[in-house]
Structures are given as C-alpha cells and as structure tokens.
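Structural features, examined
One-letter residues, chain by chain:
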Amino acid sequence: MKALNALSLLLVILGGLNWLSVGLFKYDVVSEIFGGTEEVGSRIVYTVVGVAALYALALFGKVTRDD
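The name given to the protein in an unreviewed UniProt entry is DUF378 domain-containing protein, and the organism recorded there is Cohnella soli.

This is the structure we're talking about:
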C-alpha cells in the first residue's frame, strides 16, 4: 500500500508540474510527447493522473489527522 501511495503522490506532482508549465509557458509537456491532447497516449496519461488525484483524496484524511 505504501508503494501505491508513493506512486499516486508522484503522479499528482508530475501532473501539477505539467499544469504549471501550461500556465506559465503555454507548453503542455504531455501533449508534446504524445503528439496532441486528443491522441490516445495523452488521454491515457491524463486519465491515470486524474485517477491518482482521486486516490490522493483518500490520503488527505491521513495528512490532516491530529495524532
């Protein structure tokens, strides 16, 4: 489970960095690699990062819990 948490965090960070690149430079790294936002590869990457973000919502409770 620890590996899944780390993978989810890594994917969310990479997705965030991609959006930072889009916001600052209008450069989408994922679409550049896969040849456009409508390409299957790009859509898979966007979907996997989105699922990782949904999974990370479950981790939010662990981070905000007072022990």
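A word on the UniProt feature "transmembrane region" (unreviewed entry) in the protein. UniProt marks residues 7-24 and 44-61 with the feature "transmembrane region" (unreviewed entry), using the numbering shown here. When the span residues 7-24 is considered, its composition is 100% helix and 0% strand, and the gap between its end C-alpha atoms is 26 Å. End C-alpha to end C-alpha, residues 44-61 measures 27 Å, and it is 100% helix and 0% strand.

Further remarks concern the environment of Asn 18. Position of Asn 18 relative to the elements: it lies in helix α1 (residues 2-25). Given a relative accessible area of 9%, Asn 18 falls into the buried group. Spatially, the C-alpha atoms of Asn 18 and Asp 28 are 6.3 Å apart, while their sequence positions differ by 10 residues. Residues contacting Asn 18, with those up to four places away along its chain left out, are Tyr 27, Asp 28, Val 29, Val 30 and Tyr 46.

So, about the packing of α1 against helix α3 (residues 40-64). Where α1 contacts α3, the two axes come as close as 8 Å, and the packing angle between them is 120 degrees. Considering the angle they form, α1 stands oblique to α3. As for how α1 packs across α3, the hand of that crossing is left-handed. On α3, the residues that touch Leu 4, Asn 5, Ser 8, Leu 11, Val 12, Gly 15 and Asn 18 of α1 are Tyr 46, Val 48, Val 49, Ala 52, Ala 53, Tyr 55, Ala 56, Leu 59 and Lys 62.

With that out of the way, let us pick up the side chain of Ser 31. In this fold, Ser 31 is placed in helix α2 (residues 29-34). If sequence neighbours within four positions are ignored, Ser 31 has contacts with Gly 36, Thr 37, Ser 42 and Tyr 46.

Taking 1.5 Å of rise per residue, 24 residues should cover 34 Å, and α1 covers 34 Å from first to last C-alpha, within 8% of that figure. The elements touched by buried residues of α1 are α2 and α3. Two residues or fewer after α1 comes Lys 26, characterised by a positive phi angle close to 55 degrees.

Okay, the confidence of the model for the protein next. The predicted model of the protein has a mean per-residue pLDDT of 91, with 99% of residues at 70 or higher. Here α3 is the element of the protein with the lowest mean pLDDT, 90, and α2 is the one with the highest, 95.

Cut-offs used in this document
Residues numbered from 1 in each chain as written. Predicted model: local features only at pLDDT ≥ 70, side-chain atom pairs only at ≥ 80, totals over all residues. Heavy atoms only, no water. UniProt positions renumbered as here; feature names shortened; annotations may be inferred. Helix = DSSP H or I, 4+ residues; strand = E, 2+ residues; numbered from the N terminus. Buried < 20%, exposed > 50% of the residue type's maximum accessible area, 1.4 Å probe, protein only. Contact = heavy atoms within 4.5 Å. Axes fitted to C-alpha atoms, helices over the stretch in contact; angles between N-to-C directions. Parallel < 35°, antiparallel > 145°, perpendicular 65-115°, else oblique. Left-handed = near helix turned anticlockwise from the far one by under 90°. Expected span 1.5 Å × (residues − 1). pLDDT = per-residue confidence, 0-100.

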